[in-house]
Amino acid sequence: GEQVEQRPPHLSVPEGDSAVIICTYTDSATAYFYWYKQEPGAGLQLLMSVFSNVDRKEEQGLTVLLNKKDKQLSLNLTAAHPGDSAVYFCAVRGSNAKLTFGKGTKLSVKS
Amino acid sequence: EAAVTQSPRNKVTVTGGNVTLSCRQTNSHNYMYWYRQDTGHGLRLIHYSYGAGNLQIGDVPDGYKATRTTQEDFFLLLELASPSQTSLYFCASISFRGTQYFGPGTRLLVL
């Protein structure tokens, strides 16, 4: 079945720097890609969703890149600020409708 | 308003106890999912469903049953709860086109 590897598990960046999180998936039939943010004690907040016919999507300081050749999905937070500190998850949804998550990246933005 | 609700929000039971977690969506989505979230593992898929009466096995199904009684309602059953099932459980609904909503989560403690 689908496997999703997410890295790094922990990421610390100074305020104003960019932060990049990468996920690698295995199923070439994967059609939908998602990024979520989870703050302590809270549920999942959907940040962005991307369909497989999109290579790049930008919204509100976030950039998602999809490299289907390498089966890689990345999230770039430009100019990170302390409010971005949280755990970030990627998830992919394949042809069998399974939604598989990465294990998460704990991002700390230091002021 | 589109939503996914879960009940109860918190549950404490004893080893061997019988627990039912409920999930309701008002989004008319076809797909519903049950996940457990544990530190170091991210979100792991327990069961999911394409529609009323349908059940698909997820990645960590042992010890769990599920039933989709209607388009709106998806239940997760722990018939002999064990301490290893202490976790945070999330339900989600997803449309055929990929629109999705997550519930707020249920914290289960098995003593």
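Residues numbered from 1 in each chain as written. Chains lettered and ligands numbered in written order. Predicted model: local features only at pLDDT ≥ 70, side-chain atom pairs only at ≥ 80, totals over all residues. Heavy atoms only, no water.

1. Details of unusual backbone geometry
Right, so step 1: The step from Arg7(A) to Pro8(A) runs through a cis peptide bond, and the omega angle for that step is -5 degrees.
Right, so step 2: One can find Pro8(A) in the loop between strand S1 (4-7) and strand S2 (10-14).
Right, so step 3: Of note, the bond from Ser7(B) into Pro8(B) is cis; its omega dihedral lies within 30 degrees of zero at -5 degrees.
Right, so step 4: For Pro8(B), the location among the structural elements is in the loop between strand S1 (4-7) and strand S2 (10-13).
Right, so step 5: In this model, Gln60(A) sits at a positive phi of 45 degrees, which is unusual for a non-glycine residue.
Right, so step 6: Along the chain, Gln60(A) falls in the loop between strand S6 (56-59) and strand S7 (62-67).
Right, so step 7: Despite not being glycine, Ala97(A) shows a phi value in the positive range, around 70 degrees.
Right, so step 8: Mapped onto the secondary structure, Ala97(A) falls in the loop between strand S9 (86-93) and strand S10 (99-101).
Right, so step 9: On the basis of relative accessibility, which here comes to 4%, the residue Ala97(A) falls in the buried class. (Helix = DSSP H or I, 4+ residues; strand = E, 2+ residues; numbered from the N terminus. Buried < 20%, exposed > 50% of the residue type's maximum accessible area, 1.4 Å probe, protein only.)

2. Comments concerning the packing of aromatic side chains
Right, so step 1: Scanning all chains against the criterion turns up 14 aromatic pairs over all chains.
Right, so step 2: Pairing Phe101(A) with Tyr35(B) gives two aromatic rings, centres 5.2 Å apart and planes at 80 degrees, and the pair type is edge-to-face. Taken together, the residues span two chains, with Phe101(A) in strand S10 and Tyr35(B) in strand S4 (residues 31-38).
Right, so step 3: Considering the side-chain rings of Tyr33(B) and Tyr48(B), the 5.6 Å spacing of their centres and the 5 degrees angle between planes classify their relative orientation as stacked. Here the residue Tyr33(B) occupies a position in strand S4, and Tyr48(B) occupies one in strand S5 (residues 42-49), the gap between them amounting to 15 residues. (Phe/Tyr/Trp six-rings, centres within 6.5 Å; stacked < 30°, edge-to-face > 60°.)

3. Describing the pairing of strand S8 (residues 72-77) of chain A
All names here are of chain A.
Right, so step 1: Note that strand S3 (residues 19-25) and S8 share six bridges and pair antiparallel. What sits directly across from Thr24, in S8, is Gln72.
Right, so step 2: In the sheet, S7 pairs with S8 via six bridges, with the strands oriented antiparallel. If you follow Asn67 over to S8, its bridge partner there is Gln72.
Right, so step 3: Connecting the antiparallel pair S7 and S8 is a turn made up of four residues, with Lys71 showing a positive phi of about 55 degrees. (Pairing = 2+ DSSP bridges.)

4. A look at the state of the cysteines
Residue and element names in this part refer to chain B.
Right, so step 1: All told, the structure shown has two disulfides over all chains when counted by the stated rule.
Right, so step 2: Bridging Cys23 to Cys91, the disulfide has an S-S length of 1.8 Å. Between Cys23 and Cys91 the disulfide shows an S-S torsion of about -75 degrees. By sign, it is left-handed. Of the two residues, Cys23 is situated in strand S3 (residues 19-25) and Cys91 in strand S9 (residues 87-94); the sequence distance between them amounts to 68 residues.
Right, so step 3: On the basis of relative accessible area, Cys23 is assigned to the buried category, the value being 1%.
Right, so step 4: For Cys91, a relative accessible area of 0% gives the class buried. (Disulfide = S-S within 2.5 Å.)

5. Here we look at the pattern of salt bridges
Right, so step 1: Under the definition given, this model contains 10 salt bridges over all chains.
Right, so step 2: Among the ionic pairs, Asp59(B) bridges to Lys98(A), the shortest N-O distance being 2.5 Å. Taken as a pair, Asp59(B) in the loop between strand S6 (56-57) and strand S7 (65-68) and Lys98(A) in the loop between S9 and S10 lie in two separate chains rather than in one.
Right, so step 3: In this structure, the salt-bridge partner of Arg36(B) is Asp38(B), at a minimum N-O distance of 2.8 Å.
Right, so step 4: With relative accessibility at 9%, the residue Arg36(B) sits in the buried group.
Right, so step 5: Among the ionic contacts, a cluster of salt bridges with common partners joins Arg36(B), Asp38(B) and Arg44(B). (Salt bridge = Lys/Arg side-chain N within 4 Å of Asp/Glu carboxyl O.)

The values are spatial; any link to function lies outside them.
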